[in-house]
Amino acid sequence: MSQVMEGVRVLEVAEHTFVPAASALLSDWGAEVIKIEHVERGDAMRGLASTGLNIVPNDVHVLLEHSNRGKKSLALDLTTEDGLAVLHKLIATSDVFLTNKLPGVRTKLHIDLDEVRAHNPSIIYVRGTGQGERGPDADKGSYDSLAFWARSGVAAGAQRPEYDLVPPPPAPGFGDSIGAMTIAGGIMGALFHRERTGEATTVDVSLLGVGMWAMGQALALSLVLDRPWAPPAADSMGTNPLSRTYQTSDGRTLWFTCLQGAKYWPLLCESVGRPDLATDARFTDHASLMANNREAAAELEKVFAGATLAEWRQRLADFSGQWAVQQNTLEAAEDPQAVANGYVQDCETASGAPFKLAAAPVQFDGQPPVPGRAPTLNEHGDAILEELGYDWDAIVDLKVRGVVA
């Protein structure tokens, strides 16, 4: 795989998942990422023991690994003059400065745009926020469960009308990981612009903005119709029997999204062993199939309930219409398509413990990017300081005074 970000240095002052996962993607694609961590505790994610009901294993902190793969760690006290001096030297050597600190914290730490650009006018300055850089809530923190999921309309779009239960996000870091892809794309665009014009830009991405983009088509429909978006009720099947779900005899779910229902109806009938349904007067053309969609769906419900998932995988293997099995995460990781395309990669922690990670979703030259491991706290501190010109006596002095770990 071409390391398309090779030669790019990213300096990160960020914690948790949303912003760090963006530079993790850039690392997978070849960038050098230097992560500045709190001098004592490191990234707050290092101390996260659990997230909701998802317990983080003690031997492999996969949540940390997901968003910090392949990085270098320097634990630095940015509240000291000497700590800032180290940061300024790093800024001068970096292409991208990336942070998710709130505006008030950025001011306190002297890492606002003007102060960073004073040490490198050509640096790309990137901010990841909860609700955006402007507005009454610009200086309020957030999480993906709030800004991306609840506030943007995503949760309302996922809530079933027939239930009162408000659904939580489907996974830890769900909106964070989607937002990270957005940040990574913005950074690459900014670097391309600088390469073409010489102009350094800023990049701003918020969880709220990413959530609203994800809901973009529903948002547009809401605005043009002047009513909030809500998913259809469970008994509202639509008019296409080939655009819905069916249950197998062993309780598994088959999803069909054959938008050209009449085209695929006779092909599906043949595949499921009911060619008579293709010539049934109720279903012989588009108009009749749509008009009698409930009867068609009822016939298919009985058919699919008569065999197991394994049997249907075999019978539908040559069906040219669009369908999929509803899978859990373990099944997705073992999906033949996921395996063939390298969508899950083998990794090892610093101590050698094996684990697996989802690969970066963009591939170059037909090869999946191989992620590195997350660094231990301050693992690369001494080497980074030496590169910046600090001799060993100076490094020891910084350590003794608590400026670096």
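Remember, it's a predicted structure, so these values are computed and weren't measured experimentally.

1. A word on the packing of aromatic side chains
Turning to step 1, where the next piece is worked out: If you walk through the whole model with that rule in mind, you get 12 aromatic pairs.
Turning to step 2, where the next piece is worked out: Seen from their ring centres, Trp 265 and Phe 283 are 5.3 Å apart, and the 65° between their planes marks the pair as edge-to-face. Here Phe 283 lies in the loop between α12 (276–279) and α13 (286–291) and Trp 265 lies in helix α11 (residues 261–271), a separation of 18 residues in the sequence.
Turning to step 3, where the next piece is worked out: On the accessibility criterion, Trp 265 (1% relative accessible area) is buried.
Turning to step 4, where the next piece is worked out: One cation-aromatic arrangement involves Arg 244 over Tyr 246; the distance from NZ or CZ to the ring centre is 4.5 Å.
Turning to step 5, where the next piece is worked out: Its guanidinium or amino end placed over the ring of Trp 312, Arg 315 lies 4.7 Å from that ring's centre, counting from NZ or CZ.

2. Here we look at the state of the cysteines
Turning to step 1, where the next piece is worked out: Enumeration over the complete set of coordinates arrives at 0 disulfides.
Turning to step 2, where the next piece is worked out: Residue Cys 258 stays outside any disulfide, its sulfur separated by 11 Å from that of Cys 269, the closest cysteine.

3. Description of the pattern of salt bridges
Turning to step 1, where the next piece is worked out: In this structure the tally under the stated criterion is 29 salt bridges.
Turning to step 2, where the next piece is worked out: Ionic contacts of the salt-bridge type, sharing partners, join the residues Arg 274, Asp 276, Asp 280, Arg 282, Glu 299 and Lys 302 into one network.

4. Topic: the side chain of Gln 131
Turning to step 1, where the next piece is worked out: With respect to the element layout, Gln 131 can be found in the loop between β7 (124–129) and α6 (144–151).
Turning to step 2, where the next piece is worked out: A polar contact of 3.2 Å, which involves the side chain of Gln 131, links it to the side chain of Ser 142.
Turning to step 3, where the next piece is worked out: When near neighbours in sequence (up to four residues on either side) are disregarded, Gln 131 contacts Asp 137, Lys 140, Gly 141, Ser 142, Ala 147, Arg 151, Ser 206 and Leu 208.

5. Remarks on the packing of α6 against helix α9 (residues 207–214)
Turning to step 1, where the next piece is worked out: Running from N to C, α6 and α9 point in directions that differ by 30°, and their axes come no closer than 8 Å. It follows that α6 is roughly parallel to α9 by the angle criterion. As for the relative orientation of α6 and α9, their crossing is right-handed in sense. Residues Asp 144, Ala 147, Phe 148 and Arg 151 of α6 pack against Leu 207, Leu 208, Val 210 and Gly 211 of α9.
Turning to step 2, where the next piece is worked out: Split into classes, the residues belonging to the contact of α6 with α9 amount to 5 nonpolar, 1 polar and 2 charged.

6. Quick look at the sheet that holds strand β2 (residues 32–37)
Turning to step 1, where the next piece is worked out: A sheet is described by the order of its strands in space; here 6 strands give the open sequence β5-β2-β1-β6-β7-β8, paired in parallel fashion. Edge positions in the sheet fall to β5 (72–75) and β8 (202–206), since each has one partner strand and no second. Sheet twist, expressed as the mean angle between neighbouring strand axes with direction ignored, is 20°.
Turning to step 2, where the next piece is worked out: Strands β1 (9–13), β2 and β6 (96–99) of the sheet are contacted by helix α1 (residues 20–28), whose axis makes an angle of about 160° with β1.

7. Thoughts on a nonpolar patch on the surface
Turning to step 1, where the next piece is worked out: Judged by side-chain polarity, Leu 221, Val 224, Leu 225 and Trp 229 come together as a nonpolar surface patch covering roughly 400 Å² of accessible area.
Turning to step 2, where the next piece is worked out: Here Trp 229 is to be found in the loop between α10 (216–225) and β9 (243–247).

8. Remarks on the pairing of strand β10 (residues 253–257)
Turning to step 1, where the next piece is worked out: With 5 bridges connecting them, β9 and β10 associate as antiparallel partners. Looking at the pairing, Arg 244 lines up with Phe 256 of β10.
Turning to step 2, where the next piece is worked out: Between the antiparallel neighbours β9 and β10 lie 5 residues, among them Gly 251 with a positive phi of about 80°.
Turning to step 3, where the next piece is worked out: Pairing analysis gives 3 bridges linking β10 to strand β11 (residues 323–325), with the strands arranged antiparallel. By the bridge assignment for β11, Trp 255 is matched with Ala 324.

9. Points about the nonpolar core
Turning to step 1, where the next piece is worked out: Counting residues in each nonpolar core, the largest one holds 37 residues, and the members touching the most others are Val 10, Leu 26, Val 96, Ile 124, Val 126, Ile 183 and Ile 187.
Turning to step 2, where the next piece is worked out: Counting residues per element, the ones that place at least two in this core are α1, β6, β7, α6, α7 (154–158), α8 (174–197), β8 and α9.
Turning to step 3, where the next piece is worked out: Per element, the largest residue contribution to this core is 6 residues, and it comes from α8.
Turning to step 4, where the next piece is worked out: If near-sequence neighbours (up to four positions away) are discounted, Val 126 is found in contact with Val 96, Phe 97, Leu 98, Thr 99, Ile 183, Ile 187 and Val 203.
Turning to step 5, where the next piece is worked out: Judged by nonpolar contacts, the second largest core, of 26 residues, contains Leu 11, Val 13, Ile 123 and Tyr 125.

Rules used throughout
Residues numbered from 1 in each chain as written. Predicted model: local features only at pLDDT ≥ 70, side-chain atom pairs only at ≥ 80, totals over all residues. Heavy atoms only, no water. Phe/Tyr/Trp six-rings, centres within 6.5 Å; stacked < 30°, edge-to-face > 60°. Helix = DSSP H or I, 4+ residues; strand = E, 2+ residues; numbered from the N terminus. Buried < 20%, exposed > 50% of the residue type's maximum accessible area, 1.4 Å probe, protein only. Lys NZ or Arg CZ within 6 Å of the ring centre and 35° of its normal. Disulfide = S-S within 2.5 Å. Salt bridge = Lys/Arg side-chain N within 4 Å of Asp/Glu carboxyl O. Polar contact = N/O pair within 3.5 Å; in protein donor to acceptor, adjacent residues only side chain to side chain. Contact = heavy atoms within 4.5 Å. Axes fitted to C-alpha atoms, helices over the stretch in contact; angles between N-to-C directions. Parallel < 35°, antiparallel > 145°, perpendicular 65-115°, else oblique. Left-handed = near helix turned anticlockwise from the far one by under 90°. Nonpolar A, V, L, I, M, F, W, Y, C, P; charged D, E, K, R; others polar. Pairing = 2+ DSSP bridges. Patch = residues over 30% accessible without salt bridge, like charges linked within 9 Å, V, L, I, M, F, W, Y side chains within 5 Å. Areas by Shrake-Rupley, 256 points an atom, 1.4 Å probe, with all protein chains shown as cover. Core = buried A, V, L, I, M, F, W, Y, C linked by side-chain atoms within 4.5 Å.

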